[in-house]
Amino acid sequence: MSSSTQLTKYQSKVSSKRATAEPTWIRWTLIAIVLLFLGLFLFLPLAAVFTEALRKGYGAYLSALAEPDALSAIKLTFIAAGIALPLNLVFGIAAAWVITKFEFRGKSLLITLIDLPFAVSPVVAGLIYVLVFGLQGWLGGWLSDHDLKVIFAIPGIVLATTFVTFPFVARELIPLMQAQGKDEEEAALVLGASGWQILWKVTLPNVKWGLLYGFILTNARAMGEFGAVSVVSGHIRGMTNTLPLHVEILYNEYNYAAAFAVASVLALLALVTLALKSYIEWQATRAAAVVDY
Amino acid sequence: MSIEIRNVNKTFGQFTALNNINLEVPDGELVALLGPSGCGKTSLLRIIAGLESPDSGSIHFNGEEATHSDVRDRNVGFVFQHYALFRHMTVFENVAFGLRVRPKSTRPSNAEIKRRVHELLELVQLDWLADRYPPQLSGGQRQRIALARALAVEPRVLLLDEPFGALDAKVRKDLRRWLRRLHDELHITSVFVTHDQEEALEVADRIVVMNHGNVEQIGRPIDVYDNPASPFVYQFLGNVNLFHSRVHQGTAHIGDLTVCLDEHKEANNLNASAFVRPHDIEISRSSIEGKTLSAKITYIHAIGSLVRVELKQALKDELIEVELSRERFRELALVEGEQVFITPRNPRVFLNKAD
């Protein structure tokens, strides 16, 4: 009796699988469309970057990267990302922490503000900093009196980079922390843990994968940012050029091989980021699978 | 340690969670806060723990006011409905947490922590799970670990929020017996929240029945069950049949039935509700003038030690539920669809408030 019911269950499972599946030709057409799209807009450009970069051979490729202006652009990009990352990490954790663990007035306003850099065009973001810190700007007079340079200098680039990347960590953490609720924090509190102890021993370990993911996204955006940085940088070669800006200059000078060589560094960074992201997602789902039991 | 709650009020926006609550929990007692969801029982528990603060009123531990003292200073153990175990720590580290977060001056040595944790894990009979992670445990095991973790800080009061609410029926039954035994061993003042009357009746020394932010009745399980103070308590604790009746000068009229009451002597033709437990209704085939009601059997459920019979009075919608022993059932040889007579024994009559 029971085995026959099991059999019927099994059969109904099989037939229901068939019942919910599309005919073969539809499936293949959909797959073909996706592949075509990906090929045209993703793989082809990626291949083009590397072919163009290596068109004049390895020697030209390496010398394009070893050129002082290119090296200074790479250095500046790492400096900007290196400052923006920790700042946004601290800000993102703090924002996600207050938004998910406490109730207060103006919470939805704060969430909207966090999304602002996503909504505002990067060029506008850059212009805002020029308006505030530029020579003709609100603080420009005071800054020049004290011999401080923000716009067309490294601080401006760091500011612009930080602005455009600040939502990533918070956006990644908020849904995760919301889903986890406050129970564990409350349990820790009742057991006598202080605020810092709760943050370090309970909250952060629980969101470590999300945090890492947000960190990587922030890094990718920080290194690739063009618009906002372009406005505040002033394009001074060897001084205030980041990698994306350097690519643009080379390209405008019809120095295609060098432009693509530098661009390939950015493309490689993107590929590494993607690989890391996939690895983290894989680890996180494995951890989640254990949690789900 | 005794707990005393004085005139506590708590509102969330428009919603009154607690309405002037007064309650005393004597030292060493196991008290159940019982009520339907939304009655304020969890809010009260969280206020005792210090996880919420009351809008007005005060909390006293051993006579000392603790209303504004920090959660960390109250020295309470709290067990959450969904365990709230630290998911990235082993069972051992979970239980050790409360000891490890202490300031250096009062923190026990590693060896001492190890000894204490293993002692507690033995107490909850799960020593062999020390190296596992919470997600690898069953619900019942998780809840016992949560209890061990709460006890690790040697709390003066143990508070449990629906401790068995998320468990299946069998585990639930085992665990509540186990909790009772544990309490008898440790004698720690405990308050637990539940919406399950059976659980409260079985485990608690005393039951506090709550509804809509008010305390309806406080008493030993037997008192609360046998002498409910209000219609709500009657309906909430166990099955009960409700008969609409009129009360006139100490006599209740339920249909053709008249019952003399010790109370309500001054009532003048008022609407009232009469409550009778299913095992307090007698079924017979003969009618006695003024003592029986006529009803038709609609359903017989004859599985288990008791036979449950459902009846309906003519022209009335409410089902009447009767429980009788198997012997009695066999003696009467009742069948579905049959017209019989029922006699309610000791109905409790409450005047309707609307009048």
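What you see is a predicted model, and the numbers here were worked out from it, not measured in a lab. (Residues numbered from 1 in each chain as written. Chains lettered and ligands numbered in written order. Predicted model: local features only at pLDDT ≥ 70, side-chain atom pairs only at ≥ 80, totals over all residues. Heavy atoms only, no water.)

## Let's talk about the overall build of chain A
Summing up its helical and strand segments, chain A has 15 helices and zero strands in all. Principal-axis analysis of the C-alpha atoms places the extent of chain A at approximately 90 × 60 × 30 Å. Going through the 293 residues of chain A one by one, you find that 37% of them count as buried. Looking at chain A alone, contacts between residues at least 24 apart form 71% of all its contacts between residues at least 6 apart. Counting only carbon and sulfur atoms, one obtains 71% of the accessible surface of chain A, whose full area is about 17000 Å². (Helix = DSSP H or I, 4+ residues; strand = E, 2+ residues; numbered from the N terminus. Buried < 20%, exposed > 50% of the residue type's maximum accessible area, 1.4 Å probe, protein only. Contact = heavy atoms within 4.5 Å. Areas by Shrake-Rupley, 256 points an atom, 1.4 Å probe, with all protein chains shown as cover.)

## Description of unusual backbone geometry
Residue and element names in this part refer to chain B. A positive phi angle, near 55 degrees, is found at Asn269, a position not held by glycine. With respect to the helices, strands and loops of the structure, Asn269 is situated in the loop between strand 13 (257–260) and strand 14 (270–276). Looking at Asn269, the relative accessible area reads 43%, which means it is partly exposed. Its identity as a non-glycine residue notwithstanding, Asn346 has a phi of 30 degrees, on the positive side.

## Overview of helix 10 (residues 183–190) of chain A
Counting buried residues along helix 10 of chain A, six of its eight residues qualify, which places the element largely inside the surrounding structure. Turning to helix 10 of chain A, its buried residues are Glu184(A), Glu185(A), Glu186(A), Ala187(A), Ala188(A) and Val190(A).

## As for the interface of chain A and chain B
Counting residues at the interface gives 21 residues for chain A and 24 residues for chain B. At the surface where chain A touches chain B, the tally comes to six residue pairs in polar contact (both at pLDDT 80 or more). Sorting the residues of the side of chain A that touches chain B by element identifies helix 10, helix 11 (195–206) and helix 15 (256–292) of chain A as the ones contributing at least two each. Broken down by element, the residue count for the side of chain A that touches chain B peaks at seven residues, all from helix 10 of chain A. Looking at the side of chain A that touches chain B residue by residue, the class counts come to 11 nonpolar, six polar and four charged. (Polar contact = N/O pair within 3.5 Å; in protein donor to acceptor, adjacent residues only side chain to side chain. Nonpolar A, V, L, I, M, F, W, Y, C, P; charged D, E, K, R; others polar.)

## Concerning the pattern of salt bridges
All names here are of chain B. Scanning the entire structure with this criterion turns up 36 salt bridges over all chains. Here Arg176 and Asp196 are joined by a salt bridge, their closest N and O atoms 4.0 Å apart. Here Arg176 is found in helix 6 (residues 169–186), whereas its partner Asp196 is found in the loop between strand 8 (189–194) and helix 7 (197–203), with 20 residues between them in sequence. Both residues of the pair, Arg176 and Asp196, count as buried. Residues Glu338 and Arg285 are paired through a salt bridge, measuring 2.4 Å at the closest nitrogen-oxygen approach. Here Glu338, found in the loop between helix 10 (326–332) and strand 19 (339–344), pairs with Arg285, found in the loop between strand 15 (281–284) and strand 16 (293–301); they are 53 residues apart in sequence, far enough to count as distant. Through salt bridges with shared partners, one network takes in Arg172, Arg176, Arg177, Asp196, Glu198, Glu199 and Glu202. (Salt bridge = Lys/Arg side-chain N within 4 Å of Asp/Glu carboxyl O.)

## Observations concerning the pairing of strand 4 (residues 56–61) of chain B
Residues and elements named next belong to chain B. Across five bridges, the pairing between strand 1 (residues 3–12) and strand 4 is antiparallel. Residue Ile3 lies in a different strand from strand 4, and its bridge partner there is Phe61. With two bridges joining them, strand 4 and strand 5 (residues 64–65) adopt antiparallel strand pairing. Its bridge partner lying in strand 5, His60 is registered against Glu65. Linking two consecutive strands that pair antiparallel, namely strand 4 and strand 5, is a turn of two residues; a positive phi of about 50 degrees is found at Asn62 within it. (Pairing = 2+ DSSP bridges.)

## A closer look at the environment of Ile21(B)
Tracing the chain through its elements places Ile21(B) in strand 2 (residues 15–25). Measuring from C-alpha to C-alpha, the distance between Ile21(B) and Gly139(B) comes to 33 Å, with 118 residues separating the pair along the chain.

## Points about a nonpolar patch on the surface
Residue and element names in this part refer to chain A. Taken together, the side chains of Val34, Leu38, Leu42 and Phe43 present a nonpolar region at the surface, about 360 Å² in accessible area. Relative to the helices and strands, Val34 is located in helix 2 (residues 24–53). Owing to a relative accessible area of 47%, Val34 belongs among the partly exposed residues under this scheme. (Patch = residues over 30% accessible without salt bridge, like charges linked within 9 Å, V, L, I, M, F, W, Y side chains within 5 Å.)

## Considering the side chain of Asp161(B)
Residues and elements named next belong to chain B. Looking at where Asp161 falls in the secondary structure, it is placed in strand 7 (residues 157–161). One buried charge, Asp161, has no salt-bridge partner; the nearest side chain with opposite charge is Arg46, at 5.8 Å. Only 3.3 Å separates the side chain of Asp161 from the side chain of Thr42, close enough to count as a polar contact. Not counting the four nearest positions on each side in its chain, Asp161 is found in contact with Thr42, Leu45, Phe78, Val79, Phe80, Gln81 and Val193. (Lys, Arg positive; Asp, Glu negative; His and termini not counted.)

## Concerning the confidence of the model for chain B
In the predicted model, chain B carries a mean pLDDT of 89, and 99% of its residues have values of at least 70. As a predicted assembly, this complex carries a pTM of 0.78 together with an ipTM value of 0.82. (pLDDT = per-residue confidence, 0-100.)

## Here's the deal with the packing of aromatic side chains
If you walk through the whole model with that rule in mind, you get 17 aromatic pairs over all chains. Ring geometry for Phe37(A) against Phe41(A): centres 4.7 Å apart, planes inclined by 35 degrees, an arrangement best described as tilted. Of the two residues, Phe37(A) and Phe41(A) both sit in helix 2, four residues apart, roughly one turn of that helix. Pair check on accessibility: Phe37(A) and Phe41(A) agree, each one exposed. Ring plane angle 45 degrees and centroid distance 4.7 Å describe the contact between Phe78(B) and Phe80(B), whose orientation is recorded as tilted. Judged on exposure class, the residue Phe78(B) and its partner Phe80(B) are both buried. Looking at Arg277(B), its charged tip hangs above the ring of Tyr225(B), at a distance of 4.2 Å from the centre. (Phe/Tyr/Trp six-rings, centres within 6.5 Å; stacked < 30°, edge-to-face > 60°. Lys NZ or Arg CZ within 6 Å of the ring centre and 35° of its normal.)

## With respect to the sheet that holds strand 18 (residues 319–325) of chain B
Residue and element names in this part refer to chain B. Strand order in the open sheet formed by five strands is 15-19-16-17-18, with antiparallel pairing between adjacent strands. Edge positions in the sheet fall to strand 15 and strand 18, since each has one partner strand and no second. Mean inter-strand twist for the sheet, computed between neighbouring axes without regard to direction, equals 45 degrees. Pairing of strand 16 with strand 17 (residues 306–312), which is carried by five bridges, proceeds in the antiparallel orientation. Among the inter-strand pairings, His301 is bridged to a residue of strand 17, identified as Arg308. (Axes fitted to C-alpha atoms, helices over the stretch in contact; angles between N-to-C directions.)

## Some points on helix 9 (residues 167–180) of chain A
All names here are of chain A. Given a rise of 1.5 Å per residue, 14 residues ought to cover 20 Å, and the 20 Å separating the end C-alpha atoms of helix 9 matches this to within 8%. Every buried residue of helix 9 is listed here: Pro167, Phe168, Val169, Ala170, Leu173, Ile174, Met177 and Gln180. Summarising the contacts, the buried residues of helix 9 are in contact with helix 4 (68–101), helix 5 (107–119), helix 8 (154–165), helix 11 and helix 12 (208–224). One or two positions beyond helix 9, positive phi appears at Gly181, with a value near 75 degrees. (Expected span 1.5 Å × (residues − 1).)

## Some remarks on the nonpolar core
Residue and element names in this part refer to chain B. By size, the foremost hydrophobic cluster in this structure holds 58 residues, and its most contacted members are Ile5, Phe97 and Leu159. Excluding residues that lie within four positions of it along the chain, Leu159 makes contacts with Leu45, Ile48, Ala49, Val76, Gly77, Phe78, Val79 and Val191. Of all hydrophobic cores here, the second largest spans 47 residues; its members include Phe164, Leu175, Phe192 and Val203. (Core = buried A, V, L, I, M, F, W, Y, C linked by side-chain atoms within 4.5 Å.)

## Regarding the confidence of the model for chain A
All names here are of chain A. Residues of chain A with pLDDT of at least 70 account for 92%, and the chain-wide mean is 85. Here helix 1 (residues 2–20) stands out as the least confident element of chain A, with mean pLDDT 52; helix 10 is the most confident, with 92. Here residues 1–10 scores under 50 on pLDDT; set against residues more than four positions off or in separate chains, the count is zero contacts.

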